Amino acid sequence: MKSRIIFDSVFGNTEEIAKAMYNAIYTNIDIEISRVNDTHPQDLLNSDLLIVGSPTRAFSPTPSTTKLLKQIKARGLKDTFIAAFDTRMEIDKINSKFLQIMEKLFGYAAKPIADLLVKKGGKLVAPPEGFIVDGEQGPLKAGELERAANWAKTLLTQIED
């Protein structure tokens, strides 16, 4: 099985999550990991599993992530299993009604990533997942690296079924 993890990271938290996933599953499958800016749209084709992650910035993926995914040709991910993740703050822990309303309206980065991947023909194997950072710059909330590793292992079991 040929797989890829593509990620963007601003403060290093999303990169840590992506590497935790990679380390959890690399012995079981042929997998590559790379940053969005080091990835060409052609690199995303011909994978059995494609995992894409981004920090949530203004309730969306980073512009670089969105740009890369939009460059994938129509139906280019046909027969590719896909999964999407993001890093995010817990809005309900922030004392801001405005941010809570915005989050309800616009959500986080993982869903738009998943939607773009599905639009390009990918088959979603798990609901979009979010990993929590404490504060805008982090660090990651305790236990999130382990949760990311377990989530990645779960993705493999969904494909094998």
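Everything in this summary refers to the structure shown in the same document. Just so you know, these numbers come straight off a predicted model, no measurement behind them.

Criteria and cut-off values
- Residues numbered from 1 in each chain as written.
- Predicted model: local features only at pLDDT ≥ 70, side-chain atom pairs only at ≥ 80, totals over all residues.
- Heavy atoms only, no water.
- Helix = DSSP H or I, 4+ residues; strand = E, 2+ residues; numbered from the N terminus.
- Rg over C-alpha atoms; globule rule 2.2 N^0.38 Å.
- Core = buried A, V, L, I, M, F, W, Y, C linked by side-chain atoms within 4.5 Å.
- Buried < 20%, exposed > 50% of the residue type's maximum accessible area, 1.4 Å probe, protein only.
- Contact = heavy atoms within 4.5 Å.
- Axes fitted to C-alpha atoms, helices over the stretch in contact; angles between N-to-C directions.
- Parallel < 35°, antiparallel > 145°, perpendicular 65-115°, else oblique.
- Nonpolar A, V, L, I, M, F, W, Y, C, P; charged D, E, K, R; others polar.
- Pairing = 2+ DSSP bridges.
- Right-handed = clockwise from strand over helix to strand, strands pointing away.

This next bit is on the overall build of the protein chain. Each helix and strand counted, the protein chain has five helices and six strands in total. Helices and strands appear in the protein chain in the N-to-C order β-α-β-β-α-β-α-α-β-β-α. Computed over the C-alpha atoms, the radius of gyration of the protein chain is 15 Å, within 12% of the 15 Å expected from 2.2 N^0.38 for a compact globule of 161 residues. Principal axes of the C-alpha set define a box for the protein chain whose edges measure 45 × 30 × 30 Å.

Further remarks concern the nonpolar core. Of all hydrophobic cores here, the largest spans 26 residues; its most connected members are Met21, Ile25, Ile51, Phe85 and Trp151. Elements supplying a minimum of two residues to this core: strand E1 (2–7), helix H1 (13–25), strand E3 (49–55), strand E4 (81–88) and helix H5 (144–160). With seven residues, H5 is the largest single contributor of residues to this core. If we skip the residues at most four places from it in the chain, Ile51 touches Arg4, Ile5, Ile6, Met21, Ile25, Ala83, Phe85, Trp151 and Leu155. In this structure, Val36, Leu50, Ile72 and Ala84 belong to the second largest nonpolar core, which totals 16 residues.

This next bit is on the packing of helix H2 (residues 63–70) against helix H4 (residues 110–119). At a minimum axis separation of 10 Å, H2 and H4 run at an interaxial angle of 10 degrees. Taken together, the axis directions place H2 and H4 in an arrangement best described as roughly parallel. Residues Thr65, Thr66, Leu69 and Lys70 of H2 form the contact with H4, whose participating residues are Ile113, Leu116 and Leu117. Of the residues belonging to the contact of H2 with H4, the class tally is four nonpolar, two polar and one charged.

Another point: the environment of Lys73. In this fold, Lys73 is placed in the loop between H2 and E4. When its relative accessible area of 53% is taken as the criterion, Lys73 is described as exposed. Along the sequence, Lys73 and Pro127 sit 54 residues apart, while their C-alpha atoms lie 23 Å from each other. What Lys73 contacts, discounting residues up to four positions off in sequence, is Leu45 and Lys120.

Positionally, Ile25 belongs in helix H1. Residues Ile25 and Gly138, 113 residues apart in the sequence, show an inter-C-alpha distance of 25 Å. Among residues more than four places away in sequence, those in contact with Ile25 are Ile31, Ile51, Ala152, Lys153 and Leu156.

Between Gly138 and Pro139 the backbone carries a cis peptide bond, its omega angle lying at 15 degrees. At Arg75, a position not held by glycine, the phi torsion is positive, near 60 degrees. Of note, Arg75 is situated in the loop between H2 and E4. Of note in this structure, Asp79 is not a glycine but carries a positive phi near 70 degrees. For Asp79, the location among the structural elements is in the loop between H2 and E4.

As paired elements, E1 and strand E2 (residues 30–35) share six bridges and run parallel to each other. Pairing of Ile5 across the sheet is with Ile33, part of E2. For the crossover that starts at E1, traverses H1 and ends in the parallel E2, the hand is right-handed.

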